[in-house]
Amino acid sequence: DGVPSLILSELSGYLAQRRQAPLVDLAHRFDSSPEALRAMLEVLARKGRVRRIENGAACASGCCKCDLASVETYEWVDPAGEAERGASNLTPTSGG
C-alpha cells in the first residue's frame, strides 16, 4: 500500500550488505525521517527480513539523553541464506 517496493528493495539491500544499522544512519542514507523508516522496517520485519535489536543501554554513558533514533538499531535476517547454509552442513558426503 503506502511503501514503494523500490525503497523497500534499497533498504533491504543496504541492510543485507551492512548486517546492522542504527535508525539514524538509515535516515541519513535514505534522506528520510526515522518515523517513515520505522514504517518500512515494520513491513520488512513482518516478512521476517529484519528485526529490531533491543539495545537497552546502547550508549556507554547510560545517561538516557540520546535521541532514540541514534541508538535504535535494526539487523538483517536472512532466513533463506541461513537455511541453505544449514542444509549444506547436513548434506551427507559420498565416499567418506
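Residues numbered from 1 in each chain as written. Predicted model: local features only at pLDDT ≥ 70, side-chain atom pairs only at ≥ 80, totals over all residues. Heavy atoms only, no water.

### Some words on the sheet that holds strand E2 (residues 50–53)
- Here we have three strands laid out as an open sheet, ordered E1-E3-E2, and antiparallel in their pairing. Edge positions in the sheet fall to strand E1 (20–22) and E2, since each has one partner strand and no second. Neighbour-to-neighbour, the strand axes of the sheet open up by a mean angle of 25°, direction not taken into account.
- Relative to strand E3 (residues 73–76), E1 runs antiparallel, the two sharing three bridges. Counterpart to Ala-21 in the pairing with E3 is Tyr-74. (Pairing = 2+ DSSP bridges. Helix = DSSP H or I, 4+ residues; strand = E, 2+ residues; numbered from the N terminus. Axes fitted to C-alpha atoms, helices over the stretch in contact; angles between N-to-C directions.)

### Let's talk about the nonpolar core
- Counting residues in each nonpolar core, the largest one holds 17 residues, and the members touching the most others are Leu-11, Leu-15, Leu-26, Leu-37, Leu-41 and Val-50.
- Only helix H1 (5–18), helix H2 (23–30), helix H3 (34–46) and E3 provide two or more residues apiece to this core.
- A total of five residues in this core trace back to one element, the largest contributor, which is H3.
- Once residues lying within four places of it in the same chain are set aside, the contact partners of Leu-11 are Leu-26, Phe-30, Leu-37, Met-40, Leu-41 and Leu-44. (Core = buried A, V, L, I, M, F, W, Y, C linked by side-chain atoms within 4.5 Å. Buried < 20%, exposed > 50% of the residue type's maximum accessible area, 1.4 Å probe, protein only. Contact = heavy atoms within 4.5 Å.)

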